[in-house]
Amino acid sequence: MLFKFKRGWEIRESDVTSESVYVNRRSFIRKAALGSLAVSGGLLAGCDEGENKASAAKTENTSQPSPSAGLYPAQRNERFQLDRELTSEELATTYNNFYEFGSSKNIWRKAQDLQIRPWNIVIDGLVDAPQELDFDDLLKKVTLEERLYRHRCVEAWSMAVPWTGFPMRDLVALAQPQSGAKYIRMETFNLPDVASGQKAFWYPWPYVEGLTIEEATNELAFIATGIYGREMPKQNGAPLRLVTPWKYGFKSIKSIVKFTFTDQRPISFWEEIQGSEYGFWANVNPEVSHPRWSQATEQPLGQTGRIPTQLYNGYGEYVADLYSNIKGERLFV
Ligand SMILES: Nc1nc2c(c(=O)[nH]1)N[C@H]1C(S)=C(S)[C@@H](COP(=O)(O)O)O[C@H]1N2
Ligand SMILES: [Mo]
């Protein structure tokens, strides 16, 4: 109901060149080549089910009782202050990128099909403590806190939300990486029968992302398990997702099932699709444009008017040192 009227800030889907345009163009070419390939509804960009009518309450997981619900809300860590208003919970939980459930922003209903309990997490590779553990057992080994962070999508929309979670360095400590481990490769589930976007064979499923160990142990790198003082809604990447607020949003991989410590730089989902548009580092920089979007300004969800984008999304004091000795690399987009 709330969204029957046009939002002032609104970027209509028809006005947005989504992250999927390149692949969809490619998919049309492939389909033409394959001739009579039947395309089932909903797999292509723009096949939206209509207006968002969600209320945040409706997005709550009602199918299973959660053993960890009592951990929320967690105490706020006041070190991380915002320079802007929080995005409304309703917008942040109904305007999403989660290509596993389709390439529109309106995937929150479909995402409810994801079963998040039990949720097995694999930690493997170059570590002294390889392990498989249940998500709720992982939560017993960490201390949850709330952090207010900005989020900047490469599509040039942004939000500011209260995440609940724990520092990624605590997960790294659990794994006990060996000295040869230089990167952490993360992977999302691969369940095409549940997440119909994964039936789109032109995407390199499962979604993969990666960080260097230095990035992952930077104090900003966060594993989020909740948002707005409650458990993570499925559409935002339940039960656990990465949050790296100085990088473009596509780095913040959702619904992670595996952390692999490796000496090889991981090739991420979007890099595999179009490496010239989505590099490994993908740090926010208003001066480095993406081929399809200027990065100079951004549209905060829920606001009228654009605002300037900041280098490292305003987090340079925390992360600029990570990159000061890296030469000859494309650090931005
Ligand atoms: N597994 C997975 N993780 C993902 C994505 C995705 O499609 N699949 N989209 C990314 C992009 S492009 C953005 S901007 C953020 C969006 O997070 P939000 O929906 O919670 O705002 O999730 C990122 N993580
Ligand atoms: Mo994004």
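Residues numbered from 1 in each chain as written. Chains lettered and ligands numbered in written order. Predicted model: local features only at pLDDT ≥ 70, side-chain atom pairs only at ≥ 80, totals over all residues. Heavy atoms only, no water.

> Any chance you could break down the nonpolar core for me, citing the residues and the numbers?
Counting 87 residues, the largest nonpolar core has W163, M168, F259 and F261 as the members making the most contacts within it. The dominant element in this core, judged by the number of residues it contributes, is strand 4 (residues 157–167), at five residues. W163 has contacts with E145, E146, R147, Y149, F222, A224, G226, I227, M232, R241 and V243, leaving out every residue within four places of it along the chain. (Core = buried A, V, L, I, M, F, W, Y, C linked by side-chain atoms within 4.5 Å. Buried < 20%, exposed > 50% of the residue type's maximum accessible area, 1.4 Å probe, protein only. Helix = DSSP H or I, 4+ residues; strand = E, 2+ residues; numbered from the N terminus. Contact = heavy atoms within 4.5 Å.)

> Requested: an account of the packing of aromatic side chains, with residues and values cited.
Considering all chains together, one arrives at 26 aromatic pairs under this definition. Centre to centre, the rings of F80 and Y318 are 5.7 Å apart; their planes meet at 35°, and the pair counts as tilted. Taken together, the positions of F80 in the loop between helix 1 (21–34) and helix 2 (89–92) and Y318 in helix 8 (residues 316–323) put the pair 238 residues apart, joining distant regions of the chain. The same class applies to F80 and to Y318, which are both buried. Over the face of the ring belonging to Y315 we find R150, whose NZ or CZ atom lies 4.4 Å from the ring centre. (Phe/Tyr/Trp six-rings, centres within 6.5 Å; stacked < 30°, edge-to-face > 60°. Lys NZ or Arg CZ within 6 Å of the ring centre and 35° of its normal.)

> So, helix 5 (residues 168–175): which residues are in play, and what are the values?
Residues M168, L171, V172 and A175 constitute the buried set of helix 5. Considered in projection along helix 5, the buried side chains sweep an arc of 100° and stay on one side of the axis. Two residues or fewer past helix 5, Q176 is found with a positive phi of approximately 55°. (Arc of directions from axis to C-beta.)

> Can you explain the pairing of strand 11 (residues 297–300)? Please cite residues and give values.
Here strand 4 runs beside strand 11; their pairing, made up of two bridges, is parallel. Bridge pairing in strand 11 places W157 opposite Q299. Inspection of the sheet shows strand 11 paired to strand 12 (residues 307–308) by two bridges, in the antiparallel sense. Bridging from a neighbouring strand, T297 pairs with P308 of strand 12. From the end of strand 11 to the start of strand 12, which pair antiparallel, there are six residues, and G302 there has a positive phi angle of about 90°. (Pairing = 2+ DSSP bridges.)

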